[in-house]
Amino acid sequence: WDKARSTAQIDGKQKARITKCKIPFMLTGLVKCGTCNSSMAPSHTRKRNGKLYRYYVANCYQRATCDNCAVRHIPASEIENVVMNQLREMLQVPEVVVGVWKNMNTNGYNITENGIRESLGNINAMWSTLWPTDQQRLVKLMLEKVTIKSNALEMRVRTNGISTLMHEVNKLQM
């Protein structure tokens, strides 16, 4: 009885902060609907069997202000996996590696192009060891916006974000 009473006394904003910390959403604040340009907010539900379902919901759909929203909602794991796969591929593109190498050398780091390529390749191995909050922070360093359309996905990359990521990787490897 005391536990239920103490839970009821916590205000809604504080409950939301607690839940936000417990249930990670890597793309919070980055996802937009490509049809109506509405932001997509993270949401979740837990079924009686305890299974957690995470998804991103278009704000216009949630508020019932847009009738032509084609995306409406999308499972979080699906969109997060697609975005991560695209980022992994992008980090191996030679033009990106050279750009990061030039940026790092102009900022005083003495690192070779092969060193950059190797460090970017090691991000995959390091990624699984990071806490979800650190993963979210690193994704926000690299991405400005993710737009979801009914048949496509567009990612806007931060130009200096990958170099900032390399600075973070170098700190972690030291």
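Along each chain, residues carry numbers from 1 onward, in the same order as the chain's sequence is written. Only residues with pLDDT of at least 70 get local features here, since the model is predicted, and only at 80 or more are side-chain atom pairs given and counted; chain-wide, interface and lining totals rely on the full set of residues. For the side-chain quantities, the full set of heavy atoms in the structure was used; hydrogens and water were omitted.

Student: Which residues make up the overall build of the chain, and what values do they have?
Tutor: Each helix is a run of H or I in the DSSP string that is no shorter than four residues. Each strand is a run of E no shorter than two, and both are numbered from the N terminus. A count of helical and extended segments in the chain gives 8 helices and 6 strands. Expressed as a percentage of the 174 residues in the chain, the buried residues total 34%. It only takes one pair of heavy atoms within 4.5 Å for two residues to be counted as in contact. Of all intrachain contacts in the chain linking residues separated by at least 6 positions in sequence, the fraction that spans at least 24 positions is 53%. In the structure as shown, the chain presents an accessible area of about 11100 Å², 49% of it carried by carbon and sulfur atoms. Burial here depends on accessible area, computed with a 1.4 Å probe over protein chains only, as a share of the maximum for the residue type. Under 20% is buried, over 50% is exposed, and the range in between is partly exposed. Per-residue and other accessible areas follow the Shrake-Rupley method at a 1.4 Å probe size, with only the shown protein chains counted as cover for residues.

Student: For the environment of Val-82, give the residues involved together with the corresponding values.
Tutor: As for its placement among the helices and strands, Val-82 is situated in helix α4 (residues 76-90). Each C-alpha atom, one on Val-82 and one on Leu-153, is 8.7 Å from the other, the two residues being 71 residues apart in sequence.

Student: Explain the packing of helix α5 (residues 94-106) against helix α6 (residues 113-127) to me, using residue names and the numbers behind them.
Tutor: Between N-to-C directions, angles span 0 to 180 degrees; the directions come from axes that are lines fitted to C-alpha atoms, helices contributing only their stretch in contact. Running from N to C, α5 and α6 point in directions that differ by 115 degrees, and their axes come no closer than 9 Å. The way α5 lies across α6 gives a crossing that is right-handed. Seen from α5, the contacting residues are Val-97, Val-98, Val-100, Trp-101 and Met-104; seen from α6, they are Glu-113, Ile-116, Arg-117 and Leu-120. Note on residue categories: nonpolar means Ala, Val, Leu, Ile, Met, Phe, Trp, Tyr, Cys or Pro, charged means Asp, Glu, Lys or Arg, and polar means any other residue, Gly included. Classifying every residue of the contact of α5 with α6 by side-chain character gives 7 nonpolar, no polar and 2 charged. Left-handed describes a crossing in which the near helix is turned anticlockwise from the far one by less than a right angle; the clockwise case is right-handed.

Student: I'd like a rundown of the packing of aromatic side chains, residues and numbers included.
Tutor: Only Phe, Tyr and Trp rings are paired, with Trp represented by its six-membered ring, and only when their centres lie within 6.5 Å; those with planes under 30 degrees apart are stacked, over 60 edge-to-face, the remainder tilted. Tallying each qualifying case throughout the model produces 1 aromatic pair. Counting as a charge over the ring demands two things of the Lys NZ or Arg CZ atom: a distance within 6 Å of the ring centre and an angle within 35 degrees of the ring normal. Between Arg-54 and the ring centre of Phe-25, over which it is positioned, the NZ or CZ distance is 5.1 Å.

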